[in-house]
Amino acid sequence: MYTHVAVHRFHNMADESHPNGTDVVDKMTVEVAEMALDANETLKQAAAEPVKSSENDANGAAAKPVSTAAFKEQFKAFSKFGDTKSDGKHLTLSQSDKWMKQAKVIDKKITTTDTGIHFKKLKSMKLTLDDYNKFLDDLAKTKKVELDEIKNKMANCGAPGVHNATPGKAAETVARLTDTSKYTGSHKQRFDETGKGKGIAGRKDLVDQSGYVSGYGHKNTYDKTH
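Residues numbered from 1 in each chain as written. Predicted model: local features only at pLDDT ≥ 70, side-chain atom pairs only at ≥ 80, totals over all residues. Heavy atoms only, no water.

A. Examining the nonpolar core more closely. Membership of the largest hydrophobic core comes to 22 residues, with the highest contact counts inside it found for Phe71, Trp99, Met100, Tyr132, Phe135, Leu136 and Met154. Elements that contribute at least two residues to this core include exactly helix 3 (68-80), helix 4 (93-102), helix 6 (129-143) and helix 7 (147-155). Among the elements that line this core, the one with the most residues is helix 6, at 6 residues. When residues no more than four places from it in sequence are discounted, the contact partners of Met154 are Phe71, Gln74, Trp99, Met100, Ala103, Val105, Tyr132 and Leu136. (Core = buried A, V, L, I, M, F, W, Y, C linked by side-chain atoms within 4.5 Å. Buried < 20%, exposed > 50% of the residue type's maximum accessible area, 1.4 Å probe, protein only. Helix = DSSP H or I, 4+ residues; strand = E, 2+ residues; numbered from the N terminus. Contact = heavy atoms within 4.5 Å.)

B. Fine view of the pattern of salt bridges. Within the structure shown, the criterion is met by 5 salt bridges. Between Asp114 and Lys143 there is a salt bridge whose closest N-O contact spans 3.4 Å. With Asp114 in helix 5 (residues 112-120) and Lys143 in helix 6, this pair connects stretches of sequence that are 29 residues apart. With its nearest N and O atoms 3.7 Å apart, the salt bridge here joins Glu149 to Lys153. In this pair, Glu149 and Lys153 are both assigned in helix 7, 4 residues apart and thus about one turn of the helix distant. (Salt bridge = Lys/Arg side-chain N within 4 Å of Asp/Glu carboxyl O.)

C. Summary view of unusual backbone geometry. Not every positive phi belongs to a glycine, and Lys104 is a case in point at roughly 60 degrees. Of note, Lys104 is situated in the loop between helix 4 and helix 5. The exposed category is assigned to Lys104, whose relative accessible area is 58%.

D. Examining the packing of helix 3 against helix 4 more closely. Here helix 3 crosses helix 4 at 125 degrees, and the two axes come no closer than 9 Å. One finds that helix 3 runs oblique with respect to helix 4. In this structure, the crossing between helix 3 and helix 4 has a hand that is right-handed. Residue-level inspection shows Phe71, Gln74, Phe75, Phe78, Ser79 and Lys80 of helix 3 in contact with helix 4, the latter providing Gln95, Lys98, Trp99 and Gln102. (Axes fitted to C-alpha atoms, helices over the stretch in contact; angles between N-to-C directions. Parallel < 35°, antiparallel > 145°, perpendicular 65-115°, else oblique. Left-handed = near helix turned anticlockwise from the far one by under 90°.)

E. Geometry of the side chain of Lys151. Here Lys151 is to be found in helix 7. Despite its burial, Lys151 pairs with no opposite charge, the nearest such side chain being Asp148 at 6.4 Å. At 3.0 Å, the side chain of Lys151 forms a polar contact with the side chain of Asn133. Setting aside chain neighbours within four positions, we find Lys151 in contact with Val66, Phe71, Asn133 and Leu136. (Lys, Arg positive; Asp, Glu negative; His and termini not counted. Polar contact = N/O pair within 3.5 Å; in protein donor to acceptor, adjacent residues only side chain to side chain.)

F. A look at the packing of aromatic side chains. Summed over the entire model, instances satisfying the criterion amount to 8 aromatic pairs. Ring centres of Phe75 and Trp99 lie 6.5 Å apart, and the angle between their planes is 65 degrees; on these two criteria the pair is classed as edge-to-face. Taken together, the positions of Phe75 in helix 3 and Trp99 in helix 4 put the pair 24 residues apart, joining distant regions of the chain. The pair formed by Phe75 and Trp99 is uniform in burial state, with each residue classed as buried. Taken together, the ring pairs in this structure connect Phe71, Phe75, Phe78, Phe81, Trp99, Phe119, Tyr132 and Phe135 into an aromatic cluster. Across from the ring centre of Phe71, 4.7 Å away, lies the NZ or CZ of Lys151, which sits over that ring. (Phe/Tyr/Trp six-rings, centres within 6.5 Å; stacked < 30°, edge-to-face > 60°. Lys NZ or Arg CZ within 6 Å of the ring centre and 35° of its normal.)

Function cannot be read off these values alone, since they describe shape.
Structure, rendered in structure tokens:
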């Protein structure tokens, strides 16, 4: 690569060979040397500049910040889930698992066995918010999962008991099972023509204790004809 010295030598050769300036050394060669020198300077400057960090890390977009307030509200809500006497300040393992299942944190990588092991490390049946954060931190490190990813899912999974079930699917199943018109055999005898259940009369053969002979077809008609 050409340097400042090389360019300076080209200029001197031109001056010494032709003091009158009527002819010069190949100007194109000198120009190429100057261009190479400029390119070299540019590369040096670029190498000297510090590398600017990207807003996104090597793994993709920067993690979304966890809403501490939303996480606390979810902790309080799930601590009361299934326990009307709860003060909202403690969480059991069962409540934690329900929360993590709803948030889809518990999956093939993190199981209820994992949560049970790490929860019991705190040596308490119920954890405060501070201890629960320690539990999540320990779990995330062991399973090599981002803690913020776990807490974001748990903070945004909705109210306790809310699941993304397919609307109407359960209702269709119940309707099919309770359609008495499709019943056959002995099951069909449990309902009358309108589909109303007959109770024990539909399940057992009851003895007629009215005093009439079995199969008599004019029961309760005597008073109407005499």
